[in-house]
Every structure is written in structure tokens, then in C-alpha cells.
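# Structural description and commentary
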Amino acid sequence: MQISQIKQRLTIAEVIRHYGLKPDKQNRLHCPFHPDKTPSLQVYYKTQTAYCFSSNCKTHGKSMDVIDFILYKENWDTLGAEGKHKAIEKALLMAGGELPAAGHLPASTEKATFLENIFQYFRNAVHNSKPAQQYLQSRCLDFKLLEVGYNTGQFHHGARKDETLINQCLQHGLLLDNNLRAKTGEPAYSVFGKWCICFALRGKENQVTGLYFRSTLSPLSPGRGAGGEARHFYLKDRRGLYPAYPEPGTRKLILTESIIDAATLLQSNIFSLFTVHVSLLALYGTNGLSPEHLAAIKQLRELEEIIFFLNGDQAGIKSVEKYAPMLKAELSPFGGNGKGGVKITNVEVPENEDVNSLLQAHEAEILIHLLNERKEIKEQDFLFSDETEGSANTIENEHVVRENTSTETKKVESSATPAEPAPGASPFCSKLVTENPELLFYHSSELRITVLGGIRISGLDRLKVTLRIERRSATGHQQYAGQSIIRHSLDLYHARQAEQLTEMISSRFEISSTAAAGIIANLTTELEDYRQRRLESLKPQTREAYQMTEQERRQATDYLKSPDLMKNTLADIASGGIIGEQNNAITGYIVNLSRKREKPLHVMYLGASGSGKTHLQEQLALLVPREDRIEATGLSDQSLYYEGLKLKGKILFIEDLDGAENVMYIIRELQSKGRITKRVAWRDNKGNTKTVEIEAQGPVVISSCTTREKLYEDNANRCILLHVDQSRDQDQKIMDYMKSRSAGSIQESRQEEIHQKMQNVQRVLQPVKVYNPYAHLIELPPEVFKPRRSLPLLLGFIETLTFYHQYQREVNITETGERYIRSTFEDIEQSFAIMKEVLFSKSDELSRSAREFLEQLKQRVKPGESFYTKTIRKELRISASGLQRYMSELQSYGYVKAKSGNRYRGFEYQVNDYDEYQKLRQGIEKQLEAILLKIKEISNPVAHSSPQPQTGYLNIEEPVI
């Protein structure tokens, strides 16, 4: 019985039942391969596979079939090829088959077992070989992520030297018998692929069926190919594909020119670009699309797109031109989910570069960028592809070693200047040279046209040009008949002017009017395309979202799952460069997270000039992903309406509200409604005036700084107000930090790592609804001013804190399919502790600066004593204008009164009430404690749970929408 027959007969359900496992209603079960508190292994009965989504599992990243499941459940995966063989035998017995007699394994199975063992030996050798590791590092390949080996040529020496092994190596081509003898008289063998890294080619059943070797020798080492080319070899009787046969559910297939290129992509993060299943497949050079490749591709019934990612040379271009129409024709009855065949696209690689060389010279993001910019190859591209050019650019560079050949292609340098069409070609075959925007060149088979001064890219309703037209000489490509030249200015969109130019060209150069009209029409099209490209290049470039690696995503998820999430967040905020200000920092951090919610919060930092409010905002902004923040020193009254400024889900950081004074009303509308609109008059191209509506969509978080709270009271009512710490203890902390930084004790690189980590943490947060089941118990203290605006701020803060803990909260799904999480007692308790100072400020009728002055005054003037402002000003070192402002406010609210004196010798003042602020704080604290006590009494999960169709936990693999 073949392996494919075993898989057809034995189902994943039978294997699971055999081991006493029982999936739940969602076909999930606790993974048996690692400690698992919540079900993380998903069973797919449609494909007869299982997959564990936990990063702690040894099977993570691998889709397991029935044989793999048995292999890992019996812990045979540590035995290499022997364990695989034992798993196949057990699967055969479970499927009702019979084991073959000992020593009578099929030849293909015997070879696969041998190659599996030898490849495992090569893989182990990499860990002990510095030359192999250095070579792989030079090619930007990570042997810890890839299945790659190294052949030191010692596999048949020492204790491994036995007759059976040597005969197998001779049979399969790993040893070559040259009829030589060693000093001991024993046969001496040549080792095939010595000092080469090694990759495994795999067959349809994922068994090793062949090996590919790539030399690690330097260009001057013996054994190099002609011209210093790196030698690469395949084991004889080459069979198999790299990295493996594409899985049946493949929707998109990426084809690379070489195995090295495929390995480069295999270890990168390109798979995160796609929402469907993607597979890789390496060709064996530009002429290396073998029948085995084609057969494997034709079996992919779900295939929607084939992506060519070949080298950026003439050989790679010709290979795409050769294989794209062939694959299109072969796959036309299949693929595309019945939507009309498979789409063929091509990645345009820079000239004389390949996938691996790009990674060596650039960051990995260039591969993602090139894949995003891939172009579809249409059927008309197949029809007009040039098949008549010489084949010098597609000649394979073959190295024959006994019976082993290489099919990777030789790179050919292409000319830096575009070639002109050969005489006698179609008159419409052309090329527009645009290296100098002020001097464009256009070549056809009969004419050479120069566009003097270039073209204007504005005004799409006209195309005015000044042309210099010459007839091409018949004697050569670069010679022109200069005695007859046409110089003419016209608008190519003006039909009569274009017709006159056509007649002039036909008469002067004695060519047919049809050919002349075709040349002018083609020139017009080329110039239109060129203008469109120029316009596209001038558009503001949107900031691309940062592409996290799988390791970064896993670390961010683990961070959010930690039970000490808030404690760790506070520690990282402090280590990231914020000194003191712990309560303000964590408050601002939570407010910034609310940008991912439907109703975001807003924050305003208040303090005197030089108190550090802007620094606090800037440091918190560094924890926000770059793509989610908009920073502004000043704003014009129309800037927020511009279409290019995308506000939704962003944070608008305003350094000083004084710089945005003219847009205060617009900012207030953004805070309240989440969007702004205006109606303006607009005149169309026919002169008709119309009224159009311009809308900027939010929601957006507004984060701002100011020294004047009273001036922006309407905005402050909509914000969480954070007063920076202006105490002398805080001054000392900041100065100590400055000294440490100047002395080099602060590691700025460590701070940047923290910023990147916290940005990634925010990137993995998924949109999810938050409900607070205890909201009806939360009441604001009666002392809080403007409760209608203050209560939504408190409730929104609790919901955002819950949102931050989404990886620790149960996800509930309603009958309508809405997903939500609930706030817990701990969320409310933490929110009260953080927002307590904000509630104090909103309950105090004094401004924060006047309140701080009054509390300092109470410490210096005992009850019953009086004071003079002159004496207090000297003690507290306050400016005369500031002192006058504070005293005026305190007198107007009745906190101090004049006891005696006059305006000439000064007034003697007395504090009226020393306990008023302490009573205010105690009253608010008692009410918050009473609310928490009520919530704690009814926070039994049974008391507030309601039956729902489904429950689960947020998983990064399954984003919430």
C-alpha cells in the first residue's frame, strides 16, 4: 500500500479516537504535544489535517496529516528517518494493511530512507562547521530557520565506515569510484558535493528523493567553475521539488529561479502579505520548469495566481516570456476556483539582481515591496512577446560532474541604455527615453523624434509639445540623415494639427501616411503614459505599515497575555525615557490606545512653560506606531479637511494649542462627533457653480499641550486633563537623568528597543467591542463639575483599559455575530486608581496652579496666622504677576481674605479654611471605594453571565473584526 493510499483510507478522526482524544464542538482539542490550558489544536476534517496554533508547541507552523500526528504522538520525531518509517508502519496497520517482509522494502522507499538519514547527517554537520555557517551568513541564510546541511566529505569515515553504507553511497552517487587506492591499500573514493551546503528535494509524499549541493569554496579555490562561477550540483537521477510539493489548498504559488532564492523567501515574512494559503516552488534555472513541476502545479485545483519572482536579467525575462503563456494554456481548464483560470503575475526585480542578492544589499522589506508591486501578465503580452531574439541570454551554464548536472542559469549583463529597433521592424515598435525630463527621445523603425523642453504635467486636456523629427538612415542604428529635419510645435490633442504633422512627415520623408499616423499616435500614447507616471510620483506617499516578523508578533502577544501587564507597561514606559510622572504616563498611554475604538478619548497636558509637558507627550508618542501618529506644531484652518490627511484611527499630536488657535472649533467638533464637514462652492469645467461637501472622517485621538487651561475650557471639558508634576523632587529627578545621559550611563539603543516593542504591542491589538456590565453602578461624586462630560471620560477609560487586556479576557459572540469582551472588577479598580487625580482636578473649582499655590501657603502659614504677599513671594520665588493672578483667584472664590492694611503699606491676608481640599479628596475616595465594594459583591461570574452561542479567546491568528 502506497503512502497516498494510507492517507486516503485512514482518517484523522480515527487517529484521534485511537489516542482517546475528543474534540469540542468547534473541532478543537487540548494539544497533546505540549502543556495546553486552552484548546489550541484545530482539526480540519475537510483536508484530514490538524494544526496547533500555540507557539510553544513543537509542531507549531506545521500542518499535520495522519502520519505526522502518529509520529509526534509516539515521540518518534526524534528518531529521524527511522521514526518516520515507524509512523508509516503504524498508520498502515491502523488502515488495515499488512507490513512488507523484512528486507523487502520497495527500492523507492529504501532510497528515500537512505537520503533522509544522510541529509539529517548533513544538517547536524552545519552546527559544527564554521565555514558552512560563514557561507550561509554571507548569503543571508539562517540555518536555524531552514532545512540545510553541509557535506564535509567525512560521512563514510571512522565508525560510520561499513560496507552497506559505502555500497549505498556508490549506488546513489554520493561516492564516486575512480579506481584509486589509499596508502592502506583500501579503495579511495571521491566524495560528490564535498564542501557544499545541501538542500533536500522532496517527493509527493514529502520524502527526500534528491539532493542539491552548492559549493562554499572561495573564487580562487580549486574546483571552481569557469569564470569563477560557483558550482552547484544535483544528485543523479534527480527527482523531487524544493522546498516540497505545494499543498493541495494552495491559492497563490511563487516561482523562483533557484533553490537559494526559494530558501531566502522561505525564511522571510512575505507570507504575512497574503490572506490565503501561499506556497513556494524553486525552478531549476531559467530553463528548469520540469515535467514534475508542471504535474505538481496542475494538481492545485484551488490555485488562483502564479507569481514569477525570477532574476532581473535577460535570462529571467525570457524565462517569464517562455513559461507564462505555457502555464496559462496548461492551467486554463483548472484553478481560480472556477473563476476563469489562473492569473499570472511577475515581480519586476532590479537589473542584474536576484532574490538573494536583494536581501544581502537591502532590508527584508524590499522583498515585500516588490511583491506588492507585481504586475499581471495579460494574454496580449503573450501574443506580442519577442521570440526572435538570439538565445545568448538564455544559454544554461551547465557543469557536468559524472552523472550530475546543474541547471541554474548564467547571468548576462544588460545594456544601461535602451536599444533602438532594428531597421525593417514594424514602424510602431518604439521606445520613449525619459532620462532627461527636458529632452525626451522617441525611436521608431523609421524616425527619431526629440521632444524639446519635455511636456507639462498639468492640464490633462492638452498635450503641447515641440518636436524635432529626423529620418533614420538605412546604414545603421545610430546614424541619421540630418539634411531633412522637421521642427514643429503643436498640441497632439488637436486633430487638425496632428493631421497636418502627419502629412508633413509623409511628404518630407516619403513614408506612407498610415505609418506616419501610427507613429504619431504611438508617440501620443507614450507621452500620456509618461505624464501619468510623473503625476503618480508627485502624489504624497502614504507611510507603509511596519511589517512585524513572526517572532516580534509572538513576543507582543505574550506581553499582552502576561498577568503583570500593567506593571510591565509602567516599567517599560519609565525605561523608555519618561522620568517620574508615572500616573500621567500610564493615563496618556491608555488614552492613546483608544484610537482603535469607535469612541476615542482625548488628553490635554497642562503645565507652566518649561515644566516638561511637551517632553511627556513626545515620549508617549514614541510608543505609538509610526503609521498611527500625526504630529503638528501648527494647523491652518483648512488643513484637517484635506483628503490626503487620513485621520481615522490616528492620533493628532499638537505641541501647543496656541499654534492651533484658529482651528479650535474644528478640533472640538472632531472630539465630539468624530468627523468634520464643510460645504464649499466649486466651479466645474463648464463654468457652473455647485456646492459640494468635504468630509474628514475620524475618529481621531487629540493629544495637546498648553499652559492656559482656562483659555481652552471648551476643549478641556472634552479631554482628560493631566497636570505635569512641577515639584522640586521632580526637578531633581529630571536633572539627575540629564546628568546620567550626559555621562553615557543611559543606553539610547535600549530605549529604542523598548519603543519598538511597545509599538508592536499596540499593533497586535485587534478591534473588539467592550461592554461594562457594572456601568449602572458607577456614579460620579457630586463634587465633580460638568458630570455629563466627565462620566463618558471615566467610562471610556475603563473600557479602553479592558480593551488593552483583550488577550486576557473571554470573547463572547452574540446571536448576531458581534464579538465583545466584558470589563472586570480589576479593570474598574485599576481605572479608579489611575483616574483618581483627574477626578480631583475636575472637582476643584480652582485652577491647578492656584491650588498648588494655596497648598504651599497652608504649609507656611499656620491656622490663625496672617501673611503679607511680599513675604510669601520671596519665600516661594513666584513672579509678581503670577502671585497677583493666584491671589485674585483665591479671593474671588473666598479661600483667602484681607484682614487689615491698605494699598500703600500692603494688605495682611488670612486663609479661611485649611481642611477643605482634604475633605474634598476624602469624600471622592470614599464614594469610589463604596462603588468598588458594590461591584465586588456582585462580581461573581455566574451572576452576570448570559448564555451565548459561542465563546473563545482572542488569538492573533484569528483577528477580530
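Residues numbered from 1 in each chain as written. Predicted model: local features only at pLDDT ≥ 70, side-chain atom pairs only at ≥ 80, totals over all residues. Heavy atoms only, no water.

### Quick word on the overall build of the protein
Keep this limit in mind: Numbering of helices and strands starts at the N terminus; helices are DSSP runs of H or I of at least 4 residues and strands are runs of E of at least 2. Using a 1.4 Å probe on the protein chains alone, a residue whose accessible area is under 20% of its type maximum counts as buried, one over 50% counts as exposed, and one in between counts as partly exposed. By definition in these notes, contact holds between two residues if any of their heavy atoms fall within 4.5 Å. Each accessible area is a Shrake-Rupley result for a 1.4 Å probe, and residues are judged covered by the shown protein chains and nothing else.
Each helix and strand counted, the protein has 30 helices and 33 strands in total. Each of the 961 residues in the protein was classed as buried or not, and the buried ones make up 46%. Long-range contacts, defined as pairs at least 24 residues apart, comprise 66% of the intrachain contacts of the protein with a sequence gap of at least 6. Roughly 49600 Å² of accessible area belongs to the protein as shown, and the carbon and sulfur atoms make up 48% of that amount.

### Quick look at the sheet that holds strand β2 (residues 41-44)
Keep this limit in mind: The pairing criterion is simple: DSSP has to find at least two bridges between the two strands.
Spatially, β1-β2-β3 is the arrangement adopted by the three strands of the open sheet, whose pairing is antiparallel. Because the sheet does not close on itself, it has two edges, and the strands there are β1 (28-29) and β3 (49-52). Sheet analysis places β2 next to β3, joined by four bridges and oriented antiparallel. Looking across to β3, one finds that Leu 41 is bridged to Cys 52.

### Here's the deal with the pattern of salt bridges
Put simply, the rule reads: Salt bridge, as applied in this entry: a Lys or Arg side-chain nitrogen positioned within 4 Å of an Asp or Glu carboxyl oxygen.
As enumerated under the stated definition, the model contains 35 salt bridges in all. Here Glu 598 makes a salt bridge to Lys 769, at a shortest N to O gap of 3.2 Å. With Glu 598 in the loop between α18 (582-593) and β20 (603-606) and Lys 769 in strand β27 (residues 769-771), this residue pair connects regions lying 171 residues apart in the sequence. A relative accessible area of 29% places Lys 769 in the partly exposed class.

### Focus on helix α16 (residues 550-561)
Operational definition: Here the expected length of a helix is defined as 1.5 Å per residue gap, with one fewer gap than residues. The directions from the helix axis to the C-beta atoms are what the arc is built from.
Its 12 residues place the ends of α16 17 Å apart at the C-alpha level, agreeing with the 16 Å of an ideal helix rising 1.5 Å per residue. Every buried residue of α16 is listed here: Glu 552, Ala 556, Thr 557, Tyr 559 and Leu 560. Relative to the axis of α16, the buried residues are bounded by an arc of 155 degrees and lie together on one face. Buried residues along α16 sit in contact with α17 (565-575), α23 (748-763) and α24 (787-804).

### A few points about the pairing of strand β17 (residues 447-452)
Each regular strand shows side chains that alternate between the opposite faces of the sheet. Pairing between strand β16 (residues 439-443) and β17: five bridges, direction antiparallel. From the neighbouring strand, Leu 439 faces β17, where its bridge partner is Leu 452. In this antiparallel pair of consecutive strands, β16 and β17, the connection spans three residues. Both β17 and strand β18 (residues 464-472) contribute to a ladder of six bridges, which runs antiparallel. Its bridge partner being in β18, Ile 449 is matched across the sheet by Ile 469.

### Overview of the packing of α18 against helix α25 (residues 825-843)
Inclusion rule: In this analysis, axes come from line fits to C-alpha atoms, helices being fitted only over the stretch in contact, and the angle between any two N-to-C directions falls in the range 0 to 180 degrees. Small angles under 35 degrees read as roughly parallel and large ones over 145 as roughly antiparallel, with 65 to 115 read as roughly perpendicular and the rest as oblique. Note that Gly is not counted as nonpolar here; it falls among the polar residues with everything else outside the nonpolar set of Ala, Val, Leu, Ile, Met, Phe, Trp, Tyr, Cys and Pro and the charged set of Asp, Glu, Lys and Arg.
Between α18 and α25, whose axes approach to 10 Å, the crossing angle comes to 110 degrees. The pairing of α18 with α25 is recorded here as roughly perpendicular in orientation. For the pair α18 and α25, contact is made by Asn 583, Ile 586 and Thr 587 and by Ala 833, Ile 834 and Glu 837, respectively. Taken together, the residues of the contact of α18 with α25 sort by class into three nonpolar, two polar and one charged.

### Observations concerning the sheet that holds strand β8 (residues 208-215)
Taken together, four strands build an open sheet; the order of strands is β4-β7-β8-β9 and the sheet is antiparallel. Two strands in the sheet have a free side with no partner beyond their single neighbour: β4 (149-151) and β9 (232-234). The average undirected angle you get between the axes of adjacent strands in this sheet is 30 degrees. One ladder, built from three bridges, connects β4 with strand β7 (residues 196-202); its direction is antiparallel. Paired with Asn 151 across the two strands is Cys 196, which belongs to β7. Relative to the sheet, helix α8 (residues 259-266) contacts β7, β8 and β9, its axis offset from that of β7 by approximately 80 degrees.

### Brief notes about the nonpolar core
Applied cut-off: We call a set of buried residues a nonpolar core when its members are Ala, Val, Leu, Ile, Met, Phe, Trp, Tyr or Cys and they connect through side-chain atoms within 4.5 Å of each other.
If you look at the biggest cluster of nonpolar residues, it comprises 65 residues, and the most contacted ones within it are Leu 560, Tyr 589, Ile 720, Ile 778, Tyr 804, Ile 828 and Phe 832. With eight residues, α25 is the single largest residue contributor to this core. Ignoring any residue separated from it by four or fewer positions in sequence, one finds Leu 560 in contact with Leu 565, Val 761, Val 764, Leu 765, Tyr 804, Tyr 807 and Gln 808. One finds Phe 199, Leu 300, Ala 324 and Leu 331 within the second-largest nonpolar core, a separate group that totals 44 residues.

### Thoughts on the side chain of Lys 111
By the element assignment, Lys 111 lies in helix α5 (residues 107-126). Ignoring any residue separated from it by four or fewer positions in sequence, one finds Lys 111 in contact with His 172, Thr 209, Lys 236 and Asp 237.

### Side note on the packing of helix α14 (residues 495-509) against helix α15 (residues 513-538)
Quick note on the threshold: Two helices cross in a left-handed way if the nearer one is turned anticlockwise from the farther one by less than a right angle. They cross in a right-handed way if the turn is clockwise.
Where α14 meets α15, the closest approach of the two axes is 9 Å, and the angle between their N-to-C directions is 130 degrees. With respect to α15, the element α14 is oriented oblique. For the crossing formed where α14 meets α15, the hand is right-handed. Facing Leu 501, Thr 502, Ile 505 and Ser 506 of α14, the residues of α15 in contact are Ser 513, Ala 516, Ala 517 and Ile 520. Class assignment of the residues belonging to the contact of α14 with α15 gives a composition of five nonpolar, three polar and no charged.

### Focus on the confidence of the model for the protein
Heads up, the condition is: The quantity known as pLDDT measures the predictor's confidence residue by residue, on a range of 0 to 100.
When the pLDDT values of the protein are averaged, the result is 80; 85% of them are 70 or greater. Confidence drops under pLDDT 50 across residues 474-483; counting only partners more than four residues distant or on other chains, this segment forms 17 contacts. With pLDDT under 50 throughout, residues 942-961 is counted as low confidence; its partners more than four residues away or in other chains account for 47 contacts.

### As for the packing of aromatic side chains
Put simply, the test is: The criterion for an aromatic pair is that two Phe, Tyr or Trp rings (for Trp, the six-membered ring) have centres within 6.5 Å, with stacked assigned to planes under 30 degrees apart, edge-to-face to planes over 60 apart and tilted to the rest.
Counted under the stated rule, the structure contains 17 aromatic pairs. Between Phe 199 and Tyr 212, the aromatic rings sit 6.3 Å apart at their centres with planes inclined by 35 degrees, giving tilted as the arrangement. Placement of the pair is Phe 199 in strand β7 and Tyr 212 in strand β8, with a sequence separation of 13 residues. Members of the aromatic cluster, connected to one another through ring pairs, are Tyr 121, Phe 122, Phe 192, Phe 213 and Phe 233.

### Focus on the side chain of Ser 268
What counts is decided by this rule: Throughout this description, a polar contact denotes any pair of N or O atoms lying within 3.5 Å of each other; where both atoms belong to protein, one of them has to be capable of donating a hydrogen while the other can accept it, and for residues adjacent in sequence the pair is counted only when both atoms sit in side chains.
Within the secondary structure layout, Ser 268 lies in the loop between α8 and β11 (278-282). There is a polar contact of 2.7 Å between the side chain of Ser 268 and the backbone oxygen of Leu 265.

### Re the environment of Gln 927
Within the secondary structure, Gln 927 sits in helix α29 (residues 916-937). Judged by relative accessible area, Gln 927 falls into the partly exposed class, the value being 23%. Considered as a pair, Gln 927 and Pro 781 are 146 residues apart in the sequence and their alpha carbons are 6.6 Å apart. If sequence neighbours within four positions are ignored, Gln 927 has contacts with Glu 779, Leu 780, Pro 781 and Pro 782.

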